Amino acid sequence: MITEFGKIFAFFTTAILFVIIVYIVSKIIRPARPTYEKLTTYECGENPQGSPWVKFNIRFYVIALIFLIFDVEVVLLLPWAMVYKEYGLLGFSIGAIFLILLGLGMAYEWRKGDLEWARPKPVPPVLKKTNLTKIELLPVEENVTP
Amino acid sequence: MGLLDKQFEDSNIIITTLDDLLNWSRLSSVWQLHFGLACCAIEMMAASASHYDFDRFGVIPRPSPRQADIIIISGTVTLKMGIRIKRLFEQMANPKYIISMGSCSNCGGPYWQHGYSVLKGIDRVIPVDVYVPGCPPRPEALLEGLLKLREKIRNESLAKKKL
């Protein structure tokens, strides 16, 4: 009798074998005539220009992270919303803690100004004043001809 | 070296049977390049839509020429576009077929005499398999052209062509 894991194993084996067989069959059948045009990048018929490694603004990264928070939130909240009534107060409080944590994160981002596209005030790092009273100047060489 | 290179010297029963299988499978899934040029493209879309239903012949628009088997030149080919079409055709994987749809791509159509920017027939750039006349051709006409192309694919052989 095949177990449940055995079924998954059979599934994976079939998938891998299928891909290998298709590769071999297409290798047998297809004519291979690579040309320069065929091997170039497909740009809708245009000449490929520039590098695909384009620099993106780092703020997209923050936006993507914020999006990810809500994305995961929705994914986790949907099954919770289906069953939380069966678990009573415990189920509700677990979901509430989760939501409060995410809300705190949201408030933090908001406070830090990550939801604004143009950062309102870029704050440069403040250097602490030191207690140096006497500053030694380096000796200046005189009569230096350039 | 693939079977479709057509390098077999003679056609015996194995090759002809394999012919039938390969041709049947190829003509049953002629994927077209997702590519429209002018007003003929509207008719091509109508042919792809539910009323005429190209999908029943296995004609599915593909976004990349690497996956496409046919390209339907649907409309006026300007000189600038001719270069692009040439490249798109070169980028398609062999074996590849071309349906020239409408008078413009057949011969220049209404732009034959005074269209200074129009290519006078796409067959000056790439080899055409089926010409579909009309300005623009109705979806039935394009369907007929596709059936002709299927006939062409059906009659191909793996054996070397006798000169």
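Residues numbered from 1 in each chain as written. Chains lettered and ligands numbered in written order. Predicted model: local features only at pLDDT ≥ 70, side-chain atom pairs only at ≥ 80, totals over all residues. Heavy atoms only, no water.

(A) Highlighting the overall build of chain B. The helix and strand inventory of chain B stands at 5 helices and 5 strands. For chain B, the α and β elements follow one another from N to C terminus as α-β-α-β-β-α-β-α-β-α. The proportion of buried residues among the 163 residues of chain B is 47%. Taking the contacts inside chain B whose residues are at least 6 apart along the sequence as the reference set, 78% of them involve residues at least 24 apart. Carbon and sulfur atoms make up 59% of the accessible area of chain B, which totals about 8500 Å². (Helix = DSSP H or I, 4+ residues; strand = E, 2+ residues; numbered from the N terminus. Buried < 20%, exposed > 50% of the residue type's maximum accessible area, 1.4 Å probe, protein only. Contact = heavy atoms within 4.5 Å. Areas by Shrake-Rupley, 256 points an atom, 1.4 Å probe, with all protein chains shown as cover.)

(B) Fine view of the overall build of chain A. Across its full length, chain A holds 4 helices and 0 strands. Along chain A, helices and strands appear, N-terminal first, in the series α-α-α-α. Classification of the 146 residues of chain A by burial places 9% in the buried group. Excluding contacts between residues fewer than 6 apart, the proportion of contacts in chain A whose partners are at least 24 apart in sequence is 55%.

(C) The arrangement of unusual backbone geometry in detail. The omega angle of the peptide bond from Asn-94 of chain B to Pro-95 of chain B is -10°, so this bond is cis rather than trans. Between Cys-135 of chain B and the following residue, Pro-136 of chain B, the backbone shows a cis peptide bond with an omega angle of -10°. With respect to the secondary-structure elements, Pro-136 of chain B resides in the loop between β5 (130–132) and α5 (139–154). Positive phi outside glycine occurs at Cys-44 of chain A, with the angle close to 60°. Turning to its location among the elements, Cys-44 of chain A is positioned in the loop between α2 (36–39) and α3 (59–83). At Asp-53 of chain B, a residue that is not glycine, the phi angle is positive and equals roughly 60°. Here Asp-53 of chain B lies in the loop between α2 (39–48) and β2 (61–62).

(D) A look at the packing of aromatic side chains. Throughout the structure, instances matching the rule amount to 4 aromatic pairs over all chains. Taken together, a centroid distance of 4.9 Å and an interplanar angle of 20° make the contact between Trp-80 of chain A and Tyr-84 of chain A stacked. Since its relative accessible area comes to 27%, Tyr-84 of chain A is described here as partly exposed. Between Tyr-84 of chain A and Phe-92 of chain A, the aromatic rings sit 6.3 Å apart at their centres with planes inclined by 40°, giving tilted as the arrangement. Cluster of aromatic residues (ring-pair linked, three or more members): Trp-80, Tyr-84 and Phe-92 of chain A. Sitting over the ring of Phe-89 of chain B, Lys-96 of chain B keeps its end group 4.5 Å from the ring centre. (Phe/Tyr/Trp six-rings, centres within 6.5 Å; stacked < 30°, edge-to-face > 60°. Lys NZ or Arg CZ within 6 Å of the ring centre and 35° of its normal.)

(E) Structural detail: the confidence of the model for chain B. Per-residue confidence for chain B averages 89 on the pLDDT scale, and 98% of its residues sit at or above 70. ipTM for the predicted complex: 0.72, alongside a pTM of 0.69. (pLDDT = per-residue confidence, 0-100.)

(F) Structural view of α3 of chain A. Residue and element names in this part refer to chain A. Given a rise of 1.5 Å per residue, 25 residues ought to cover 36 Å, and the 37 Å separating the end C-alpha atoms of α3 matches this to within 8%. Largest kink in α3: about 25°, centred on Leu-77, with the proline Pro-79 one to four residues after it. All buried positions along α3 are accounted for by Ile-66, Glu-73 and Leu-77. On the buried face of α3, the contacting elements are α4 (88–112). (Expected span 1.5 Å × (residues − 1). Bend = angle between axes of the 7 residues up to and from the residue.)

(G) Molecular detail of the nonpolar core. Residues and elements named next belong to chain B. Grouped together as the largest cluster of nonpolar side chains are 20 residues, with contacts concentrated most on Phe-54, Ile-70, Ile-72, Ile-99, Leu-142, Leu-146 and Leu-149. For this core, the elements supplying multiple residues, two or more each, are α2, β3 (70–74), β4 (97–101), β5 and α5. With 5 residues, α5 is the single largest residue contributor to this core. Each residue touching Phe-54, except ones within four places of it in the same chain, is listed here: Ala-47, Ser-48, Val-59, Ile-72, Leu-142, Leu-143 and Leu-146. Of all hydrophobic cores here, the second largest spans 15 residues; its members include Ala-68, Met-92, Ile-98 and Leu-119. (Core = buried A, V, L, I, M, F, W, Y, C linked by side-chain atoms within 4.5 Å.)

(H) Here's a closer look at the packing of helix α1 (residues 13–27) of chain B against α5 of chain B. All names here are of chain B. Contact geometry for α1 and α5: axes closest at 9 Å, N-to-C directions at 160°. Between α1 and α5, the angle is such that the two are roughly antiparallel. Every pair of crossing elements has a handedness; the one defined by α1 and α5 is right-handed. Taking contact as the criterion, the partners of Asn-23, Arg-26 and Leu-27 in α1 are, on α5, Arg-150, Ile-153 and Arg-154. Looking at the contact of α1 with α5 residue by residue, the classes come out as 2 nonpolar, 1 polar and 3 charged. (Axes fitted to C-alpha atoms, helices over the stretch in contact; angles between N-to-C directions. Parallel < 35°, antiparallel > 145°, perpendicular 65-115°, else oblique. Left-handed = near helix turned anticlockwise from the far one by under 90°. Nonpolar A, V, L, I, M, F, W, Y, C, P; charged D, E, K, R; others polar.)

(I) How the structure looks around α1 of chain B. With 15 residues, α1 of chain B extends 21 Å between its outermost C-alpha atoms, agreeing within 8% with the 21 Å of an ideal straight helix rising 1.5 Å per residue. If you check which residues of α1 of chain B are buried, you get Ile-15, Asp-19, Leu-22, Asn-23, Arg-26 and Leu-27 of chain B. Take α1 of chain B and look down its axis: the buried residues cluster within an arc of 115°, on one side only. Pointing more than 90 degrees away from the buried face of α1 of chain B are the exposed residues Ile-13, Ile-14, Asp-20, Leu-21 and Trp-24 of chain B. Here the buried face of α1 of chain B lies against α1 (4–29) of chain A together with β4 and α5 of chain B. Capping the start of α1 of chain B, Asn-12 of chain B holds a side-chain oxygen 3.2 Å from the backbone nitrogen of Ile-14 of chain B, two or three residues further along. (Arc of directions from axis to C-beta. Polar contact = N/O pair within 3.5 Å; in protein donor to acceptor, adjacent residues only side chain to side chain.)

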